[in-house]
Amino acid sequence: MEYFGMSTKICMGMDSLKELESIDAGQVFIICDPFMNHSGKINLITDILKKREIAYKVFDKIVPDPGIELVAQAVGELMDTTDTVIALGGGSAIDAAKVVRKIFEVSKNKKVQFIAIPTTSGTGSELTSFAVVSDEETQTKIPLVDDSLLPDLAILDCEFTMSVPASVTADTGLDVLTHALEALASTKANDFTDAYAIRAIMLVFQYLKRVVDNGNDREARMHMHNASAMAGIAFNQTSLGICHSLAHALGGRFHIPHGRSNAMLLPHVMEYNTYLDLDNKETIKRYAELARALGFGTYNDIMSVKALVRQVTKLIKSVNIPAYLDDMVDIKEYKNAIEDMAKNALADKCTITNPKQPSLKDLEKIYKNLVKQKI
Ligand SMILES: NC(=O)c1ccc[n+]([C@@H]2O[C@H](COP(=O)([O-])OP(=O)(O)OC[C@H]3O[C@@H](n4cnc5c(N)ncnc54)[C@H](O)[C@@H]3O)[C@@H](O)[C@H]2O)c1
Ligand SMILES: [Zn+2]
């Protein structure tokens, strides 16, 4: 038996923040990064709270890929009287807030309402049971998975994403694509998750380049915001695959943004999961169907999958993501780290649902594709 369901209520569209005007909030603790506070974006929320005379406190110290110490610091600043935690930010702020709220609930034996307001269109964290926290000591990322981490309410208002710079828009948008493609190939995929994953992929192909070229394109921003959440719904049920396992280890070691790590690895992982091993017929069939739905497939499955990988590579290039790491990391250091990163990727929770179980050598080989010179 399989299950499909969502306990998170979703508010979407241009006026979705209005939901805050009527919810029962009690005392509020807002978790965000410094940009959200200093840019004044947070006022869209605090103005509503002030008008309703709701007491609130702001923790604005979230940094990309937050670590255990930062989470502990935020927990320390929570008031005992907090009734609602609002996470305002990208995956980093939402994931940190998930863990903060969980620790607080367990330590105070108290139920706390959790509202996620994403400001990037990428992780879909507002609709997932996943939280990724960094361990600075071991330079690894720890993916936590538990249904109790799910927000009660997700507010999808693309107004918050209008200021995302083009490079972050590209990175995070390709994270959406990776989530949906990995959900579609996952060993836990089903007809319901396919529906969300395929629609998310279509939206990314239609709107990502448009929004990277013109960040003021509100319509494209809105569709990318929905695509991010829809991919989140899909992978929350299916989990992910080795692209994320490899990206977690790469990002943890070399601090490359999460979406960018995925984007650089994605074509290589798609090849590995499909036509490099013709025994993996199920993924070939699924990706061929997707290629046909997107309009670049043929009657031949292998040709269709090759066309899909070509189009994915073209999209990645068109939003200025480099194919190689040579200008981003010290190559000697990278080569020396490959074995350790591959070990971490093999042990990552996301590897379990990859359509093909890799060996350590397979994963090392994929990492080697990211440098220009043969190693
Ligand atoms: N929980 C999940 O399901 C899940 C899934 C994938 C990734 N993740 C994790 O999420 C994190 C990445 O999240 P992300 O890609 O959203 O990036 P992020 O939250 O780290 O933000 C990236 C950068 O963009 C800035 N930013 C965010 N919103 C902005 C806005 N509206 N305007 C201008 N700048 C803005 C931030 O300040 C930051 O510098 C990683 O730690 C990753 O491991 C979680
Ligand atoms: Zn991701």
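Residues numbered from 1 in each chain as written. Chains lettered and ligands numbered in written order. Predicted model: local features only at pLDDT ≥ 70, side-chain atom pairs only at ≥ 80, totals over all residues.

> Could you clarify how one ought to interpret the overall build of the protein chain in this entry?
What the protein chain contains, in helices and strands, is 13 helices and 8 strands. Scaling as 2.2 N^0.38, a compact globule of 375 residues should have a C-alpha radius of gyration of about 21 Å, and the protein chain matches this with 20 Å. A principal-axis box enclosing the C-alpha atoms of the protein chain has dimensions of 60 × 45 × 45 Å. (Helix = DSSP H or I, 4+ residues; strand = E, 2+ residues; numbered from the N terminus. Rg over C-alpha atoms; globule rule 2.2 N^0.38 Å.)

> Mind showing me how you'd approach the environment of Leu360 here?
With respect to the helices and strands, the residue Leu360 is situated in helix H13 (residues 360-368). Separated by 20 residues in sequence, Leu360 and Asp340 have C-alpha atoms that sit 9.8 Å apart. If we skip the residues at most four places from it in the chain, Leu360 touches Ala342, Lys343 and Leu346. (Contact = placed C-beta atoms within 7 Å.)

> Whenever I open this one, the sheet that holds strand S2 (residues 27-32) confuses me. Can you help?
Each strand in a sheet pairs with another by means of backbone hydrogen bonds, the pair being arranged parallel or else antiparallel. On the basis of which strands lie adjacent, the open sheet formed by 6 strands has the order S1-S8-S5-S4-S2-S3 and parallel pairing. Two strands close off the open sheet at either side, each with one partner strand: strand S1 (9-12) and strand S3 (56-59). The sheet shows a mean angle of 20 degrees between the axes of neighbouring strands, direction not considered. Bridging between S2 and S3 involves 4 bridges; their strand directions are parallel. By the bridge assignment, Val28 is partnered in S3 with Tyr56. (Pairing = 2+ DSSP bridges. Axes fitted to C-alpha atoms, helices over the stretch in contact; angles between N-to-C directions.)

> Teacher, can you tell me more about the site of ligand 1 here?
Near ligand 1 there are 30 residues, and of these Pro64, Gly90, Gly91, Ser92 and Phe130 occur at the shortest range. For the shell around ligand 1, the elements supplying multiple residues, two or more each, are helix H4 (91-108), strand S6 (130-135), helix H5 (166-185) and helix H9 (258-273). When residues in the shell around ligand 1 are grouped by element, the largest group, 4 residues, is from H4. Within the shell around ligand 1, the residues separate by chemical class into 9 nonpolar, 16 polar and 5 charged. (Near = placed C-beta within 6 Å. Nonpolar A, V, L, I, M, F, W, Y, C, P; charged D, E, K, R; others polar.)

> Would you mind going over the packing of helix H6 (residues 191-213) against helix H10 (residues 281-294) with me for this structure?
Helix packing geometry: the angle between the two helix axes and the distance between the axes. Following both chains from N to C, one finds H6 and H10 inclined at 45 degrees, their axes separated by 11 Å at the closest point. By the angle between their directions, the pair H6 and H10 is classed as oblique. The hand of the H6/H10 crossing is right-handed. Mapping the contact onto sequence places Ile198, Ile201, Met202 and Phe205 in H6 and Leu290, Ala293 and Leu294 in H10. Here the residues of the contact of H6 with H10 are counted per class, giving 7 nonpolar, no polar and no charged. (Parallel < 35°, antiparallel > 145°, perpendicular 65-115°, else oblique. Left-handed = near helix turned anticlockwise from the far one by under 90°.)

> It is not clear to me how the pairing of S6 should be interpreted in this structure. Could you clarify?
Regular strands place side chains that alternate from one sheet face to the opposite one. Here S6 pairs with strand S7 (residues 140-145) via 6 bridges, running antiparallel. When the sheet's bridge partners are listed, Ala131 is paired in S7 with Leu144. The antiparallel hairpin formed by S6 and S7 contains 4 residues in its connecting segment, where Gln139 sits at a positive phi of about 55 degrees.

> Can you walk me through the nonpolar core in this structure?
In a soluble, globular protein the nonpolar side chains are often hidden away together inside. Counting residues in hydrophobic clusters, the biggest one holds 109 residues, and the most contacted among them are Ile31, Ala180, Ala200 and Leu246. Top element by residues in this core is H6. It accounts for 11 residues. When residues of this core are assigned to domains, at least three fall in each of domain 1 (9-161) and domain 2 (166-368). (Core = buried A, V, L, I, M, F, W, Y, C linked by C-beta atoms within 7 Å. Buried ≥ 20, exposed ≤ 12 C-beta atoms within 10 Å, placed from the backbone. Domains from an automatic or database assignment.)

> Would you mind showing me how to read the domain arrangement of the protein chain here?
Interfaces are frequently sized by the accessible area removed from exposure as the parts join. Under the domain assignment used here, the protein chain contains domain 1 (9-161) and domain 2 (166-368). Each of domain 1 and domain 2 was reduced to a C-alpha centroid, and the two centroids are 26 Å apart. Each side of the interface is counted separately: domain 1 has 25 residues, and domain 2 has 29 residues. Put simply, the parts of the chain that give the side of domain 1 that touches domain 2 at least two residues each are S1, S7 and strand S8 (153-156). Here the side of domain 1 that touches domain 2 gets 4 residues from one element, more than from any other, and that element is S7. Of the residues in the side of domain 1 that touches domain 2, the class split is 9 nonpolar, 13 polar and 3 charged.

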